[in-house]
Amino acid sequence: MINWLAPLAAAIGLVVAFALTTWIGKQDEGTDRMKEISGYIREGAFAFLKSEYKIMVIVIVVLFLLIGFGISWTTAVLYVIGALLSVLAGFFGMNVATKGNVRTAAAAKDGGMTKALAVAFRSGAVMGLCVAGLGLLGVGVVFCLLDLATVVQCITGFSLGASSMALFGRVGGGIYTKAADVGADLVGKVEAGIPEDDPRNPAVIADNVGDNVGDVAGMGSDLFESYVGSIVSAITLAAVAATNSNGAFDQTTAAVFPLLLAAVGIIASVIGIVLVRGKEGVNPAKSLDAGTLISSAIVIVCSFVMSNVMLGSLKYAWAIIAGLVCGVAIGKITEVYTSADYGFVKKIADQSQTGAATTIISGLSVGMNSTLFPIVLISVGIAVAYMCGGIYGIALAAVGMLSTTGMTVAVDAYGPVSDNAGGIAEMSELPESVRDITDTLDAVGNTTAAIGKGFAIGSAALTALALFVSYAEVAQISVVSLLNPMVIIGLFIGAMLPFLFSALTMSSVGKAANQMIEEVRRQFREDKGIMEGTSKPDYARCVQISTVAALKEMILPAVLAIVVPLVVGFVLGKEALAGCLAGALAAGVLLAIMMANAGGAWDNAKKYIEQGHFGGKGSEPHKAAVVGDTVGDPFKDTSGPSINILIKLMTIVAVVFAPMFGAGIFGL
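Residue positions are counted from 1 within each chain, in the order its sequence is given. Confidence filtering applies because this is a predicted model: local features only for residues at pLDDT of at least 70, side-chain atom pairs given and counted only at 80 or more, and all residues used for totals across whole chains, interfaces and linings. The basis for every side-chain value is the complete set of heavy atoms in the structure, and neither hydrogens nor water enter the calculation.

Caption draft 1: Summary view of the overall build of the chain. Secondary structure follows DSSP: runs of H or I at least 4 residues long count as helices, runs of E at least 2 residues long count as strands, and numbering of each begins at the N terminus. Across its full length, the chain holds 21 helices and zero strands. The C-alpha atoms of the chain give a radius of gyration of 24 Å, which matches the 26 Å a tight globule of 668 residues would have. Reported as C-alpha extents along the three principal axes, the dimensions of the chain are approximately 75 × 50 × 45 Å. Across the 668 residues that make up the chain, the buried fraction comes to 63%. Any two residues whose heavy atoms approach within 4.5 Å at even a single point are treated as in contact. By sequence separation, contacts in the chain at least 24 residues apart represent 86% of the contacts at least 6 residues apart. Accessibility throughout is a Shrake-Rupley quantity obtained with a 1.4 Å probe, and a residue counts as covered only by protein chains that appear here. Of the accessible surface of the chain, which amounts to about 22,000 Å², a share of 66% is contributed by carbon and sulfur atoms. Using C-alpha atoms as the atom set, the radius of gyration is obtained and then compared with a globule rule of 2.2 Å times the number of residues to the power 0.38. Classification of residues uses two cut-offs on accessible area relative to the type maximum, computed with a 1.4 Å probe and protein chains only: under 20% is buried, over 50% is exposed, and between them is partly exposed.

Caption draft 2: Helix α10 (residues 315-338), seen in detail. Helices are assigned an expected span. That span is 1.5 Å times one less than the residue count. Between its first and last C-alpha atoms α10 spans 35 Å; for 24 residues at 1.5 Å apiece the expected length is 34 Å, and the two agree. Most of α10 is tucked away: 17 of the 24 residues are buried.

Caption draft 3: Expanded view of the side chain of D207. Among the structural elements, D207 can be located in helix α6 (residues 204-236). Take D207: its relative accessible area is 6%, and that puts it in the buried class. The contacts of D207, once residues within four sequence positions are left out, are T177, A180, D181, A184 and D197.

Caption draft 4: Up close: a nonpolar patch on the surface. Together, I2, L5, L8, I12, I267, I271, V274, L275 and I294 make up an exposed nonpolar region whose accessible area comes to about 700 Å². Going through the elements one at a time, α1 (5-25) and α8 (251-275) are the ones with two or more residues in the nonpolar patch. The element best represented in the nonpolar patch is α8, accounting for four residues. Here V274 is to be found in helix α8. Each patch is assembled from residues with relative accessible area greater than 30% and no salt bridge, linking like charges that lie within 9 Å and nonpolar side chains (Val, Leu, Ile, Met, Phe, Trp, Tyr) that lie within 5 Å. What makes a salt bridge here is a side-chain nitrogen of Lys or Arg within 4 Å of a carboxyl oxygen of Asp or Glu, nothing more.

Caption draft 5: Main features of unusual backbone geometry. A positive phi angle, near 55°, is found at E429, a position not held by glycine. For E429, the position within the fold is in the loop between α14 (405-427) and α15 (432-475).

Caption draft 6: Fine view of the environment of D198. Tracing the sequence through the fold places D198 in the loop between α5 (148-191) and α6. Accessibility expressed as a relative area gives 5% for D198, which makes it buried. Each C-alpha atom, one on D198 and one on V151, is 53 Å from the other, the two residues being 47 residues apart in sequence.

Caption draft 7: Local environment of the packing of aromatic side chains. Only centres within 6.5 Å qualify two rings of Phe, Tyr or Trp (six-membered ring in Trp) as a pair; their planes then separate them into stacked at under 30 degrees, edge-to-face at over 60, and tilted for everything else. Going through the model one piece at a time under the given rule, you end up with 13 aromatic pairs. When the centroid spacing of 6.2 Å and the interplanar angle of 50° are considered together, the rings of Y40 and Y539 count as tilted. Taken together, the residues span a long stretch of sequence, with Y40 in helix α2 (residues 32-70) and Y539 in helix α18 (residues 539-553) at a distance of 499 residues. According to the relative accessible area criterion, Y40 is partly exposed, its value standing at 28%.

Caption draft 8: Spatial organisation of the pattern of salt bridges. Counted under the stated rule, the structure contains 16 salt bridges. Salt-bridge contacts for R521 lead to E518; the nearest nitrogen and oxygen are separated by 3.5 Å. Residue R521 and its partner E518 are both found in helix α16 (residues 485-526); the two are separated by three residues, about one turn of the helix. Here K636 makes a salt bridge to D633, at a shortest N to O gap of 3.8 Å. Of this pair, K636 and D633 both sit in helix α21 (residues 620-657), three residues apart, roughly one helical turn. Exposure remark for K636: the relative accessible area of 8% places this residue in the buried category.

Function cannot be read off these values alone, since they describe shape.
Right under this line is the structure:
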């Protein structure tokens, strides 16, 4: 009976998400012009998802057949379920986000900061609760319906489905949003000198569509796979935990424990979401931080009780707390490096006074510098978790870090909703006071988005490490020796992959952005009435350019993550693949942190100047900062956040197909 508590908690989370969706739907949509613009954004977002899903279906069918014939049909069916739930998480979140954006703008116009924050945050909360609710519901029901041996053997298929769809969603959405954003910024703000989200900019609708397909749907699938991966890794290591417990608990208890911990996390997230209340004149970040801390505190208290009752020792609670504290601390450090309230961003803004080159140099420096403390924290978290619970403890640390995913994603997803609300306010020519409110919400949203990426990257390190051990167990590898040349070859290949992957995604953004820039320039050149306000830009053409380019360019990077582990495993052998996974983990985590934080810092340096510092909007420092922000866009929203999916997808592919790998063609 206790097994069903996890699906029950998941159902509660989904019911709350439905209630919030209903509440959002009843809010005022504003003027007819606001409704019209919101309709363009919503139509473009769903058109992209529809096209993207057609490609995903092909991938799902191919992998379903490959897993079914090569491994087992149970694993294949679970793969399909994981993939579909991942897609649904992103779809539901984006559905509400495209409704919440216009209602947030209307709330800012009529109800001020407090009402606008409520609408934007609750729109994000639907995304958070759908991610956690669907993830735990899927894994929980599978656990209840199948016997434990089958679950442990086949549940990795569920995680593979989530990871593969997440990579397509994150890469495709990231290319879309940044192609539009770069085109809109460089031609509109730098060349034409018009404000951000100016309705005269042909790329402005595509830019706002991109916020939804990349930062909401893509991000939702991203954190869905992180959440599922952490739970699956703990379940697969339950046998190891039971063996090392000296009879204190059995394998079933060890397997159900992470499910119940995640259930507590959902209830804690619901409580945190309900308690978030904004106040006029108070920084929205304080309200969001309070909700996060309350959720975390509830999980900490419950983890002590559960660890003592179910596992017979408090040491496992300390492993959970190590992960949770590590996640919160990484988030805070990310804020220090990416928020305009601290010196790093202000330094980039100051460097913008001498041109775009120094802006870029300073931002890269901040990004590289920002890897130090997160890596120290992750290392400490791993050490504490291992000392308390062994490899199982590391898996529990990952579950602990992501236990409050409902709240974490809510805080993250609220940012794109606020950004869209600002765009709608600008295009609808609402009073400046409305844009001031949405800009404040958006600035906080940039920081919370960076914190969310930090959470995802930190959890990727812990989850990938736990899955790495699962791979070693399935592949029957007891030692990975650096004296083995095949391991070293694999290590180099793995370390290279995040760089190749980032090069491909950055190049894809560049190609797509180039098409967007040429189209915006063409419209400005051929229709002088656009800048004069007497004629309307062709928004649909820009939306089409981003859609076609993103779908075309996302395929190679996404397929790379699936194909390379299979090639290395079959050709070089299972130990070479172990080296490959280790190299990808080490290089990927560092590169992801650097890119995400550099991009976030560049973005907020631009916004800091726009607030009136160093000459304000339209000044030479502002133009330099816009260039820096443009470089940082694919860093923080395409390549950086996709890397953490890359390393987990590679690892889960290795785990699922491990029984098929041998010594390789060289036999070393």
